[in-house]
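Architecture and fold: a report
One letter stands for each residue in the lines below.
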Amino acid sequence: MTEFVCNSCGERYPENTKEYRCKCGGLFDLVTGKTTFDFDKHLSIKDLSLWRYEEALPYTGEAASKITMGEGLTPLVKVQDGLLGKAEYFMPTLSFKDRGAVMLVLHARKMGFNSIAIDSSGNAATAVAAYSARAGIKCSVFVPESTSEKKLAQIKAHGAEINLIKGPREASGAAAREFVETNDSFYASHIYNPLFYQGTKTYFYEVFEQLGGRFPDGFIIPVGNGTLILGAEKAFEELQSAGFIHKWPRIIGVQASGCAPIYKAFKDGLDVVPQIESSRTEAEGIAIAAPARGEQILKVIRKSGGDMVAIDDDETLKARALLAAKGIYVEITSAVNYAAYLRIMAENGGKLWVIPFCGAGIKSS
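Summarised in this report is the structure supplied together with it. (Residues numbered from 1 in each chain as written. Predicted model: local features only at pLDDT ≥ 70, side-chain atom pairs only at ≥ 80, totals over all residues. Heavy atoms only, no water.)

**Digging into the pattern of salt bridges**
- Evaluated as defined, the whole model comprises 16 salt bridges.
- K267 is the salt-bridge partner of D307, the closest N and O atoms lying 2.7 Å from each other. Taken together, the residues D307 in strand 12 (residues 307-311) and K267 in helix 9 (residues 261-267) connect sequence positions 40 residues apart.
- Between R343 and E315 there is a salt bridge, with the nearest N and O atoms lying 2.9 Å from each other. Taken together, the positions of R343 in helix 12 (residues 332-344) and E315 in helix 11 (residues 313-325) put the pair 28 residues apart, joining distant regions of the chain.
- The partly exposed category is assigned to R343, whose relative accessible area is 40%.
- Taking relative accessible area as the criterion, E315 reaches 24% and is therefore assigned partly exposed.
- Because the salt bridges share partners, they merge into one network encompassing K86, E88, R99 and E206. (Salt bridge = Lys/Arg side-chain N within 4 Å of Asp/Glu carboxyl O. Helix = DSSP H or I, 4+ residues; strand = E, 2+ residues; numbered from the N terminus. Buried < 20%, exposed > 50% of the residue type's maximum accessible area, 1.4 Å probe, protein only.)

**Let's talk about the pairing of strand 13 (residues 353-357)**
- With five of its five residues buried, strand 13 lies for the most part within the structure.
- Burial of the side chains of strand 13 extends over both faces: W353, I355 and F357 are buried on one face and V354 and P356 on the other.
- Sheet analysis places strand 5 (residues 83-87) next to strand 13, joined by five bridges and oriented parallel. Note that in strand 13 the partner of A87 across the bridge is F357.
- Bridging between strand 10 (residues 218-222) and strand 13 involves two bridges; their strand directions are parallel. The residue of strand 13 that forms the bridge with F219 is V354. (Pairing = 2+ DSSP bridges.)

**Re the packing of aromatic side chains**
- This structure, assessed with the given rule, holds 21 aromatic pairs.
- Aromatic side chains Y203 and F219 sit 6.5 Å apart centroid to centroid with 55° between the ring planes, which places their arrangement in the tilted category. With Y203 in helix 7 (residues 202-210) and F219 in strand 10, the pair connects residues that are 16 residues apart, well separated along the chain.
- The exposure class assigned to Y203 is buried, which follows from its relative accessible area of 1%.
- According to the relative accessible area criterion, F219 is buried, its value standing at 0%.
- These aromatic residues form a ring-pair network of at least three members: Y203, F204, F208, F215, F219, F236, F244 and W248.
- In this structure, K86 is placed above the aromatic ring of Y203, and the distance from its NZ or CZ to the ring centre is 5.9 Å. (Phe/Tyr/Trp six-rings, centres within 6.5 Å; stacked < 30°, edge-to-face > 60°. Lys NZ or Arg CZ within 6 Å of the ring centre and 35° of its normal.)

**Quick look at the packing of helix 8 (residues 227-241) against helix 10 (residues 294-303)**
- Taken N-terminus to C-terminus, the directions of helix 8 and helix 10 make an angle of 55°; their axes are 10 Å apart at the nearest point. Classified by the angle between their axes, helix 8 and helix 10 sit oblique to one another. As for the relative orientation of helix 8 and helix 10, their crossing is left-handed in sense. In contact with I229, L230 and E233 of helix 8, helix 10 contributes Q296, I297, V300 and I301.
- A breakdown of the residues in the contact of helix 8 with helix 10 according to their chemical character gives five nonpolar, one polar and one charged. (Axes fitted to C-alpha atoms, helices over the stretch in contact; angles between N-to-C directions. Parallel < 35°, antiparallel > 145°, perpendicular 65-115°, else oblique. Left-handed = near helix turned anticlockwise from the far one by under 90°. Contact = heavy atoms within 4.5 Å. Nonpolar A, V, L, I, M, F, W, Y, C, P; charged D, E, K, R; others polar.)

Next comes the structure, spelled out in structure tokens:
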């Protein structure tokens, strides 16, 4: 039995709750009742998708059989000596958000919801729309007016209702929450619902397996709402608890200079992330001025002995062009990772780093 527990007051909520956060204002963590697992058992499973790790997941591959599209187990691509890129654009909807979206939609279907709402800068909404279509669930999407036309076209193709919201990214979230309060709809939030991180943690399980039962020296990860970093936390904790690793690899978090609240908090030594006024950035996927789980993200980066980097748009666009010249075409937000690697490479020679190619280049202009 899955339960949600408030990370502030400790109150527990049943798995069928429609609440997206605790009444005290705290955020939910997930309690699955699972205490340990056998990673070696995963390797004997023939399923070439993230469901090979079902022993560590809240749902099984069998439960997902009607909606799964074989998401997961994306390849590691050599970018250059010392750097591998995990090609998440091989996912069914061309981004890593499929990992968490399939978990949210599975949960909504199990709980008997016929309607789903999600706010997003584009990729999470696309993923939830696609899996909702497969599950026969109506999907309402709330995205900023500035969302890429190509992402909007993809969302529309999956049959979702698109609501374009004026203002910053946070306004889309407010509109989605207002919608679920007045409609019998499940809030499929990749920000608030910890089931999403149960999906994104498989990114790190896969890297561990693909590198022969070890991690690289570090991961470079883009940070908006932190869905991939929060997945890293779960994977690292579980592998360490099971005795497969003894210390965490470093995490270098990357934000766009025009919208870098976590970077600022990290560099200022703060434990709380202040809301900022964001300026426009080409890296729309990480343009989050007030990340709901900012404090948790800070703790994860610090626990890993990591760091934060802020990247200007011109650095990002240059890095995107350099990747394209290597045959790798990613969306603009994905290029911040390579820009960050180029920034830190001089002081981290001789180490192995992994970056995510979060989304396909055709998703952005």
